[in-house]
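# Summary of structural features
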Amino acid sequence: MSVFDNAAFERHERIVHCTDPVSGLRAIIAVHSTHRGPAAGGCRLWHYANANDAVTDVLRLSQGMSYKNAMAGLDLGGGKAVIMADPSQDVTEDQLRAFGRFVETLRGSYITAEDVGMTVEAMQIIASETRHVAGLPPEAGKAGGDPSPKTADGVFHGIRAAVAYRLERDSLEGLRVAVQGVGHVGANLCKALHDAGAKLWVADINESRVEHMCDAYGAQPLPLDEIITADVDVVAPCALGAVLNANTIAGLRTSIVAGAANNQLATDQDGQLLFNAGVLYAPDYVINAGGIINVACEYSASASDAEVDQRVEEIGARLKAIFEQSERLEVPTNVIADEMAKGLIGRGAGTKAH
């Protein structure tokens, strides 16, 4: 199948297939839009069943970054990269250097950073080959470093906004939250929720992570196939995407879905199913923008760490405006957010290549 025929293509500006025979690197960089500025989005290290799955994933993630960056008020377009991991070995320094060289060939039209499977140390290796990278160790008081804690902070503020709107509660004391995925973002979110008095249920493919959440925050473990349909106040998907579909939505026993995962809806129509079911959905690319806000401020050296925190806190107010418009127009929140994002990107005026 041609990439142009992929349902996720959505008028991407550029797709670069990266292969380096010496290191064995196989990667894809997708640039969805540079209309607002250089395309920014993290690099994901993941084992895909086949190359078509990797293409679909990077296209969906790249488009989501265009929307995310626009809704966060950033002068950035949207892009994403995936490194196709070999399940039998860790990514090598030579592969990371090769990826950095491919990023450099785009001459600043794509800025990379951490995503699933990547670390600050990996970004430092990539930065040895290109300056178009963020998520590097910060100087004291300045933006930078692993963006995961900022992503978690934004999701926390988003959950507070959703709870205040739907449950009419200012306090999270006693709030029941099911967190699917307790990696870097999910674990930080669990800490913030625990500190605010929430009760936690958790699931992850890594049992040691689950055990740590139970020991540290008194969380209750649940099987992976039960966490989404747990009887709780909030379900927070913080792993991979497409977890909300016709089957899982039919089994939901929550009134709010608000989490960090990208592309939580399997299809756009699933937003309507959530709306019909009376479930308040926090659009993923709005609530999980804390990390990219940090990345943008680091790359442009435009804000201190404290100023980043202030901008991340604004995610709550942004979601409240979406919730209000959704209720007023009787339209799903994902549709409201998409229309806002498209207007901010200016797709109707065409894209601007760099």
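Residues numbered from 1 in each chain as written. Predicted model: local features only at pLDDT ≥ 70, side-chain atom pairs only at ≥ 80, totals over all residues. Heavy atoms only, no water.

Its place among the elements puts N288 in the loop between α9 (284-287) and α10 (290-300). Here the side chain of N288 touches A260 through a polar contact of 2.9 Å, landing on its backbone oxygen. Reaching out from N288, the side chain makes a polar contact with the side chain of N262 at a distance of 3.0 Å. (Helix = DSSP H or I, 4+ residues; strand = E, 2+ residues; numbered from the N terminus. Polar contact = N/O pair within 3.5 Å; in protein donor to acceptor, adjacent residues only side chain to side chain.)

Attention now moves to the state of the cysteines. Across all of its chains, the model carries 0 disulfides by this definition. The thiol sulfur of C18 is not disulfide-bonded, and the nearest other cysteine sulfur, from C43, lies at 9.2 Å. What makes C18 buried here is its relative accessible area of 1%. (Disulfide = S-S within 2.5 Å. Buried < 20%, exposed > 50% of the residue type's maximum accessible area, 1.4 Å probe, protein only.)

What follows deals with the sheet that holds strand β8 (residues 199-203). Across the sheet, 6 strands lie side by side as β9-β8-β7-β10-β11-β12; this open sheet has parallel pairing. Here the strands that pair on one side only, and so sit at the sheet edges, are β9 (220-221) and β12 (280-281). As paired strands, strand β11 (residues 256-257) and β12 are joined by 2 bridges and run parallel to one another. By the bridge assignment, I256 is partnered in β12 with L280. Against the sheet, helix α6 (residues 207-217) makes contact with β8 and β9, and its axis sits at roughly 165 degrees relative to β8, the strand it touches most. (Pairing = 2+ DSSP bridges. Contact = heavy atoms within 4.5 Å. Axes fitted to C-alpha atoms, helices over the stretch in contact; angles between N-to-C directions.)

Right, let's get into the packing of aromatic side chains. Within this structure, the stated rule accounts for 3 aromatic pairs. Note on F4 and F9: the rings are 5.2 Å apart at their centroids and 70 degrees apart in plane angle, and the pair reads as edge-to-face. Pairing Y165 with F323 gives two aromatic rings, centres 5.6 Å apart and planes at 45 degrees, and the pair type is tilted. Linking Y165 in helix α4 (residues 148-167) with F323 in helix α12 (residues 315-329), this pair joins segments that are 158 residues apart in sequence. (Phe/Tyr/Trp six-rings, centres within 6.5 Å; stacked < 30°, edge-to-face > 60°.)

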